[in-house]
Amino acid sequence: MRDFLSDMNEPQRRAVAATEGPVLVLAGAGSGKTRVITRRIAYLIASGKAAPDQILAVTFTNKAATEMRDRVADLIGREFAKKTEISTFHSYCLRVLRRDIERLGYRKNFTIYTESDARALLRRVTDEMGGRQERFSPAMFHAAISLRKNSGETPESLKKRPLRTTTEEKYEARLGDVYEQYQSALRAANSLDFDDLLLHTLQLWRKHPEALERARGQFRYVMVDEYQDTNRLQYDLLMLLVGEHRNLCVVGDDDQSIYGWRGAQARNILDFEKDF
């Protein structure tokens, strides 16, 4: 077996070789965090601890996923790398839904709305609902609904939230109604928006344990790059996915969170030790 550890420093070697149970790697920029994940994938496969298709590694952009896959291919060969699930959260959830979304009442040939598609649909929805719209543009509703979805909120849960002021009550009530009608319009078109890929996967796993068990049974090891950029929805998905074997390795730097506008919570990485 090729030695994947000899050219790494001691903390990196420990992170790669600690294969069982939860592993947290906290390190600054340029310290080799992504390198730890790619070496860990190679080490798991070369040592026989896991087959390539038993490993899931997720990151946040298609570019980062492609670079990670290329680095793994350089270590163990392209055929092994192709069998390993290395993708973004959204790409992984898309594959889950293509297989099981009929359990949620959609057809498998659903379409995914772009941001402009979603805003056009929201404009139609708000026009049909009537009322004063001057203060709340489709772009504003889209951003607000996206943030709620990435916090795991549905129209129903949004309407049940306790509110503090009359102004907030009016806005949240309006938003809840628009969110509800928007989701109904998406369903009627057999369509999802980008955020629905994660939200519907979470709903699928919570409502249909057999779908969750299938996902759990597929992957023995799960790794997440840039964990400080996960939001509540991604956190909940991960907790369900690794709930039995707990073989979750996360790497990140709590000083580098860049997706706060999308609901990213640096507390996810800060609370990792408490969670596990």
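Residues numbered from 1 in each chain as written. Predicted model: local features only at pLDDT ≥ 70, side-chain atom pairs only at ≥ 80, totals over all residues. Heavy atoms only, no water.

**Notes on the packing of aromatic side chains**
Step number 1: For the coordinates displayed, the defined rule picks out five aromatic pairs.
Step number 2: Judged by centre distance (5.5 Å) and plane angle (50°), the rings of Phe60 and Phe89 are tilted. Separated by 29 residues along the polypeptide, Phe60 in the loop between strand S2 (55–59) and helix H3 (62–76) and Phe89 in helix H5 (residues 89–100) bring together distant segments of the chain.
Step number 3: Arranged with centres 4.7 Å apart and planes meeting at 35°, the rings of Phe272 and Phe276 form a pair that is tilted.
Step number 4: For Phe276, a relative accessible area of 23% translates into the label partly exposed.
Step number 5: The ring of Phe110 carries Arg98 above its face, with NZ or CZ at 3.9 Å from the centroid. (Phe/Tyr/Trp six-rings, centres within 6.5 Å; stacked < 30°, edge-to-face > 60°. Helix = DSSP H or I, 4+ residues; strand = E, 2+ residues; numbered from the N terminus. Buried < 20%, exposed > 50% of the residue type's maximum accessible area, 1.4 Å probe, protein only. Lys NZ or Arg CZ within 6 Å of the ring centre and 35° of its normal.)

**Some thoughts on the environment of His200**
Step number 1: Structurally, His200 can be placed in helix H10 (residues 196–207).
Step number 2: A distance of 3.2 Å separates polar atoms of two side chains, one belonging to His200 and the other to Tyr106. (Polar contact = N/O pair within 3.5 Å; in protein donor to acceptor, adjacent residues only side chain to side chain.)

**Focus on the pairing of strand S1 (residues 23–26)**
Step number 1: Residues Val23 and Val25 point to one face of S1 and are all buried, whereas Leu24 and Leu26, pointing to the other face, are not buried.
Step number 2: When S1 meets strand S7 (residues 248–252), the two strands line up parallel, connected through four bridges. Each bridged residue has a counterpart across the sheet, and for Val25 the counterpart in S7 is Val251. (Pairing = 2+ DSSP bridges.)

**A closer look at helix H2 (residues 33–46)**
Step number 1: Compared with the 20 Å implied by 1.5 Å per residue over 14 residues, the 20 Å span of H2 between its first and last C-alpha is a close match.
Step number 2: Of all 14 residues that make up H2, eleven are buried, and the element is covered over most of its length.
Step number 3: Those residues of H2 not exposed but buried are Lys33, Val36, Ile37, Thr38, Arg39, Arg40, Ile41, Ala42, Tyr43, Leu44 and Ile45.
Step number 4: Gly48, located one to two residues past H2, shows a positive phi value of around 80°. (Expected span 1.5 Å × (residues − 1).)

**Observations concerning the nonpolar core**
Step number 1: Counting 51 residues, the largest nonpolar core has Tyr92, Trp205, Val222, Val224, Tyr227 and Leu248 as the members making the most contacts within it.
Step number 2: Filtering out sequence-adjacent residues up to four positions away, Val222 remains in contact with Leu56, Leu238, Leu241, Val242, His245, Asn247, Leu248 and Cys249.
Step number 3: The next biggest cluster of nonpolar side chains, apart from the first, holds 28 residues, and it includes Leu5, Val36, Leu44 and Met223. (Core = buried A, V, L, I, M, F, W, Y, C linked by side-chain atoms within 4.5 Å. Contact = heavy atoms within 4.5 Å.)

**Some points on the environment of Arg216**
Step number 1: When you line up the elements, Arg216 lands in helix H11 (residues 209–218).
Step number 2: Separated by 162 residues in the primary sequence, Arg216 and Gln54 have C-alpha atoms spaced 9.8 Å apart.
Step number 3: Setting aside residues no more than four positions away along its own chain, Arg216 makes contact with Leu240, Leu241, Gly243 and Glu244.
Step number 4: Here the side chain of Arg216 touches Leu240 through a polar contact of 2.7 Å, landing on its backbone oxygen.
Step number 5: A polar contact is formed between the side chain of Arg216 and the side chain of Glu244, at a distance of 3.4 Å.

**Structural notes on the packing of H5 against helix H12 (residues 232–241)**
Step number 1: Taken N-terminus to C-terminus, the directions of H5 and H12 make an angle of 55°; their axes are 12 Å apart at the nearest point. Accordingly, the angle class assigned to the pair H5 and H12 is oblique. When you trace H5 past H12, the crossing you get is left-handed. Of the residues in H12, those in contact with Phe89, His90, Tyr92 and Cys93 of H5 are Gln234, Leu237, Leu238 and Leu241.
Step number 2: For the contact of H5 with H12, the class distribution of residues is six nonpolar, two polar and no charged. (Axes fitted to C-alpha atoms, helices over the stretch in contact; angles between N-to-C directions. Parallel < 35°, antiparallel > 145°, perpendicular 65-115°, else oblique. Left-handed = near helix turned anticlockwise from the far one by under 90°. Nonpolar A, V, L, I, M, F, W, Y, C, P; charged D, E, K, R; others polar.)

**A look at unusual backbone geometry**
Step number 1: Located in the positive-phi region is Asn190, a residue other than glycine, with phi close to 50°.
Step number 2: Along the chain, Asn190 turns up in the loop between helix H9 (166–188) and strand S5 (191–193).
Step number 3: Phi angles above zero are rare outside glycine, and Glu226 is one such case at about 55°.
Step number 4: With respect to the helices, strands and loops of the structure, Glu226 is situated in the loop between strand S6 (221–224) and H12.
Step number 5: With relative accessibility at 22%, the residue Glu226 sits in the partly exposed group.

**As for empty space enclosed by the protein**
Step number 1: Applying the stated criterion to the full structure yields one cavity of 30 Å³ or more.
Step number 2: Its boundaries defined by the atoms lining it, the largest cavity holds a volume of some 70 Å³.
Step number 3: For the largest cavity, the full set of lining residues is Leu56, Val58, Phe89, Tyr92, Cys93, Trp205, Leu237, Leu238 and Leu241.
Step number 4: Mapped onto the lining of the largest cavity, the elements with two or more residues apiece are S2, H5 and H12.
Step number 5: Looking at the lining of the largest cavity, its residues break down into nine nonpolar, no polar and no charged. (1 Å grid on protein atoms, 1.4 Å probe; cavity = no way out; pocket = protein on both sides within 12 Å on 5 of 7 lines; lining within 4 Å. Points joined across faces, edges and corners; volume = space filled by probe spheres on them.)

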